[in-house]
Amino acid sequence: MSKQQDFYDTIDEIAQYGISKGIFHLTTSTTAIKGTSITINKQTVINFGSCSYLGLEFDPQLKEGAKAAIDNYGTQFSASRAYISLGLYDELQQLLEKIFEAPCVITPTTTLGHIAAIPVLISNDCAVIMDQQVHNSVQGAVQLLKPHGVTVELVRHNRMDLLEEKICALRATHKQIWYMADGIYSMFGDSCPIDTIFLLLEKYPELHFYVDDAHGMSIHGKYGRGFVLSRHTIHKKMVMATSLNKAFASGGGVLVFGNAAWAEKVGNVGGPLLSSGPMQPSALGAAIASARLHLSAALPVLQERLRKNIAFTLAMLKKYQLPLVSEAGAAIFFVAVSYPKLGHNVVARMLKKGFYVNLGIFPTVPMRQTGIRFTVTSLHLPAQIESMVKTLSIELLEAMTEEGITLQQVYKAFKLPLPLIKAKTRRIASARASIYLSHFNSIRDIEPATWDKLFEGKGIFDWKGLQVLENSFCDNKLPEDNWLFDYLMVKDEAGNIIAATFLTTSLWKEDMLSPAPISAQLEEKRKTDPYYLTSRVICSGSLLTEGPHLYIDHTHPLWKEAIPVILEKIYALREQHNASHIVLRDFYGLRRDLDRLMADNGFIKTALPDTHIVPSMDWNSPQEFYDSLSVNNRDHIRKKVLRHIPRFEVEVIKVSNWQEEIEHWYDLYLNVKEKSFELNTFTLPAKLFKQLAHNEHWEKLQLTLKHTTSDAENKPCCVVFSYMSKTAYMPVLIGIDYTHNAEFNIYRQALYQLLLRAKKTGKAKLFLGFSAGLEKQKIGAEPQQVYAYLHSHDSYPMEALAAYAATGKKRKPGTGLTYKGRVHDS
């Protein structure tokens, strides 16, 4: 499964969950809409979700304009605008150019406007820098540039210092640099720092500005020209896209250009302007009427009415002490709730109380920055606004108590300063009162029998295996070689273990699973900057282990209460260890109840590479194993493996104290590591190999080619380090001398010898890990899908994730999933 498809599956899961909760994909009844009231599921509610901020959808002039256009031109005028357009287009364009005092091009929608303009304006020798929260429609249009090799980067939201750094880094190699942002951002309602952007436009000749001001249109500025142009006259190096479908209350979009040449070129060759359907006559008629209203004395009156409602709403939010994320003066408000489960709860409660509000949730915002998004319009009455805000304050506290979430947690998730809270929550009986969390810093603090009862045979993380890892990843010189270990257990009152896990906090490379060419490029950068694009991550398991690191007793009636207790502790550990991301892995199969529980607590599900397991060793001899294979696999084994067996000396070493031998093994590992951009991790420390060499629970399977001519070639050509549990044989690390690999198929020989060794030791299963899947399947291994749940401090909203999920290009530090499995070959 591709990362992009996995991303869409995650969004589908979130959407389906919201639908099941009765808060997504709602429809109004067929009864007439009047003012701010709508009917949903036979219940009349006050609508606090409209983007028609001035209430012009009910204006008689706009309605008559739409009706007259239908009477005169019919319901549609179906022709490509490259050939012919309704005369209403010319009339509307002239009016819009009066509003903006700049050249304009009308588009069927704002999204199609982006698709028309961006590929035309930006050539292959340009660079694009997008704010991480710029609208999805902008990022979608930018994707059209990537096949042509245009450099595309992201910058943290509204961080002008980081933007300037990127401009300085790119200006020497790119003719133009386009910064793309929103005027008013559609979720949090905050604005771009427009004054600073204009200063940068003057400072750097290469810098150009593309801005989507859909939510600023009509409500700000002279003639309603929007937030951005209310502060500055349009810059000659600037393009503004805006919507006629929100406060303008008609339909379509408009591109506003800093120079006429750009407008003419986009109008002539912009794809959707040539082949896409035009605006319908009714929308054009309404837009003309709206434009005339914007140019009249009526608009300032409507703007002032809305401004008063915005100011009143802010006053009510302060009065009722709700955690507002932004106060930019927009008609969009975002009240922080943090956890998705709390957001679902509050929106459902508000509907029952007669108020329709939106849930701001991943992928439009980071997963743990879920919030209640609502809008106000000029149609709302102050009494309606206060009633809604008061109800929201009550229902939020009730829902927080129900979900076991505190205001402190909410403010912390958004990095907001915690105010003096006068409101109190009531205490209710909770199942959490009967479960207990234990936290340990070393496996030595846990009884071996207790731990192994949960994890023995599931990976190299039984009690003895973890002791080796703790010994290996401490007191090393390099930061990536030092891991922090934490162990968590949740028990009920009787002492029964409901859930348990171990965690490591370590430094990860962001590009571990990126395409190999991307990692190769980044490694060139890391020759001078070794920690470029790296992040500190806390994960269940470690970079070296694979398997079900989180034990859950799904038969226990309190397991759904135990998991949030563990997650809250992990959040605290992340803060304590200064980690950017949380990765919980590995999970097998599909459990909808667990998926929804993790989503409710702010985690995104993603697929990892398939692992490979030989599930049965019920053959009695190599010949019997060979006979059990398919015809094609028998042919492969015969030609690539069996014919070379006489050339190899195979030795199993339990313990080695010979320093020269250990150093050679490490050199063999480095040969593989240098080729493994497919799994781009930090090089493991030599200390680990010494630990494994001295440990009798780790077998060292060594292959040496016979009858070679030089002493150097008589050294082992392959070594595999394998952990043995009571039931499973688990190869973990491999080293190869590639000198004769093509001739003698050393890697394939190693896989076959591992199979024979696992059988000889009497193990029930052979764990072969991920990568090189076809090779492993040829010796009877079966692929198994593996999943992880992710959470980041700085998770991107949908725009960034959709833009980069499949490409791996120029990703922001901290967004890449990294993963280390078992034996692999480059």
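Worth saying up front: this structure is predicted, and the values here are computed from it rather than measured.

A. Just the packing of helix α2 (residues 60-73) against helix α11 (residues 281-294), in detail. Close contact between α2 and α11 brings their axes to 7 Å; oriented N to C, the two are set at 140°. As judged from the angle between their axes, α2 and α11 are oblique. Relative to α11, α2 is oriented so that their crossing is right-handed. Across the interface between the two elements, Gln61, Leu62, Gly65, Ala66, Ala69, Ile70 and Tyr73 of α2 pack against Pro281, Ser282, Gly285, Ala286, Ala289, Ser290 and Leu293 of α11. Split by residue class, the contact of α2 with α11 holds nine nonpolar, five polar and no charged.

B. Inspection of the packing of helix α19 (residues 559-577) against helix α20 (residues 592-600) at higher detail. Remark: α19 packs on α20, axes separated minimally by 11 Å, with the N-to-C direction vectors making an angle of 40°. α19 and α20 meet at a crossing whose hand is right-handed. Residues Trp559, Lys560, Ile563, Pro564 and Leu567 of α19 lie in contact with α20, whose contacting residues are Asp593, Leu594, Leu597 and Met598. Across the contact of α19 with α20, the residue classes break down as seven nonpolar, no polar and two charged.

C. A look at the pattern of salt bridges. Across all of its chains, the model carries 27 salt bridges by this definition. As a salt-bridge pair, Glu523 and Lys509 come within 3.0 Å of each other at their nearest N and O atoms. Taken together, the residues span a long stretch of sequence, with Glu523 in helix α18 (residues 516-526) and Lys509 in strand β16 (residues 497-509) at a distance of 14 residues. Its relative accessible area of 7% is what places Lys509 among the buried residues. When its relative accessible area of 17% is taken as the criterion, Glu523 is described as buried. A single salt-bridge network, built from bridges that share partners, covers Lys509, Asp511, Glu523 and Arg526.

D. Focus on the sheet that holds strand β6 (residues 176-182). Within the open sheet, the seven strands sit side by side as β3-β9-β8-β7-β6-β4-β5. Their pairing is mixed. One side of each edge strand has no neighbouring strand; the edge strands of this open sheet are β3 (104-107) and β5 (151-155). When the angles between neighbouring strand axes are averaged without regard to direction, this sheet yields 20°. In this sheet, strand β9 (residues 253-257) lies alongside strand β8 (residues 238-243) in antiparallel orientation, the contact comprising five bridges. Along β9, the bridge assignment pairs Ser243 with Gly253. Across the sheet, helix α9 (residues 260-269) touches β3, β6, β7 (207-212), β8 and β9, and the angle it forms with β9 is around 140°.

E. Geometry of the pairing of strand β2 (residues 43-47). As paired strands, strand β1 (residues 37-40) and β2 are joined by four bridges and run antiparallel to one another. When the bridges of β2 are listed, Thr39 appears paired with Thr44. If you look at the hairpin formed by β1 and β2, you'll find two residues sitting between the two strands, and Asn41 has a positive phi there, around 50°. With two bridges joining them, β2 and strand β11 (residues 355-356) adopt parallel strand pairing. Residue pairing for β11: Asn47 is matched across the bridge by Tyr356.

F. Up close: the nonpolar core. In this structure, Leu96, Phe100, Tyr179, Leu342 and Phe374 are the most contacted members of the largest nonpolar core, which totals 152 residues. Sort the elements by how many residues they give to this core and α19 lands first, with nine residues. Ignoring any residue separated from it by four or fewer positions in sequence, one finds Leu342 in contact with Val337, Leu396, Ala399, Met400, Glu403, Ile405 and Val410. Grouped together as the second largest cluster of nonpolar side chains are 52 residues, Cys539, Tyr669, Ala693 and Phe721 included.

G. Main features of the packing of aromatic side chains. Counted by the stated rule, this structure contains 27 aromatic pairs. Judged by centre distance (5.2 Å) and plane angle (15°), the rings of Phe333 and Phe374 are stacked. In this pair, Phe333 sits in strand β10 (residues 332-338) while Phe374 sits in strand β13 (residues 370-375), placing the two residues 41 residues apart along the sequence. As far as burial versus exposure is concerned, Phe333 and Phe374 are alike and both buried. For the ring pair Phe625 and Tyr752, a centre distance of 6.4 Å and an interplane angle of 45° mean the geometry is tilted. In this pair, Phe625 sits in helix α21 (residues 622-627) while Tyr752 sits in helix α26 (residues 746-760), placing the two residues 127 residues apart along the sequence. Given a relative accessible area of 4%, Tyr752 falls into the buried group. These aromatic residues form a ring-pair network of at least three members: Trp451, Phe455, Phe461, Tyr487 and Phe502. Sitting over the ring of Tyr89, Arg81 keeps its end group 3.9 Å from the ring centre. For Lys759, the ring lying beneath its charged end belongs to Trp619, and the centroid distance is 5.5 Å.

H. The pairing of β7, seen in detail. In terms of burial, β7 is a largely internal element, six of the six residues being buried. Side chains Leu207, Phe209 and Val211 project from β7 onto one buried face, and the interleaved His208, Tyr210 and Asp212 project onto a second face that is buried too. Crossover handedness for the path β6 to helix α7 (residues 194-203) to β7: right-handed. As defined by bridge partners, β7 adjoins β8 across four bridges and the pair is classed as parallel. Across the sheet, Tyr210 pairs through a bridge with Val239, a residue of β8.

Scoring rules and cut-offs
Residues numbered from 1 in each chain as written. Predicted model: local features only at pLDDT ≥ 70, side-chain atom pairs only at ≥ 80, totals over all residues. Heavy atoms only, no water. Axes fitted to C-alpha atoms, helices over the stretch in contact; angles between N-to-C directions. Helix = DSSP H or I, 4+ residues; strand = E, 2+ residues; numbered from the N terminus. Parallel < 35°, antiparallel > 145°, perpendicular 65-115°, else oblique. Left-handed = near helix turned anticlockwise from the far one by under 90°. Contact = heavy atoms within 4.5 Å. Nonpolar A, V, L, I, M, F, W, Y, C, P; charged D, E, K, R; others polar. Salt bridge = Lys/Arg side-chain N within 4 Å of Asp/Glu carboxyl O. Buried < 20%, exposed > 50% of the residue type's maximum accessible area, 1.4 Å probe, protein only. Pairing = 2+ DSSP bridges. Core = buried A, V, L, I, M, F, W, Y, C linked by side-chain atoms within 4.5 Å. Phe/Tyr/Trp six-rings, centres within 6.5 Å; stacked < 30°, edge-to-face > 60°. Lys NZ or Arg CZ within 6 Å of the ring centre and 35° of its normal. Right-handed = clockwise from strand over helix to strand, strands pointing away.

This is a description of form; function is not addressed.
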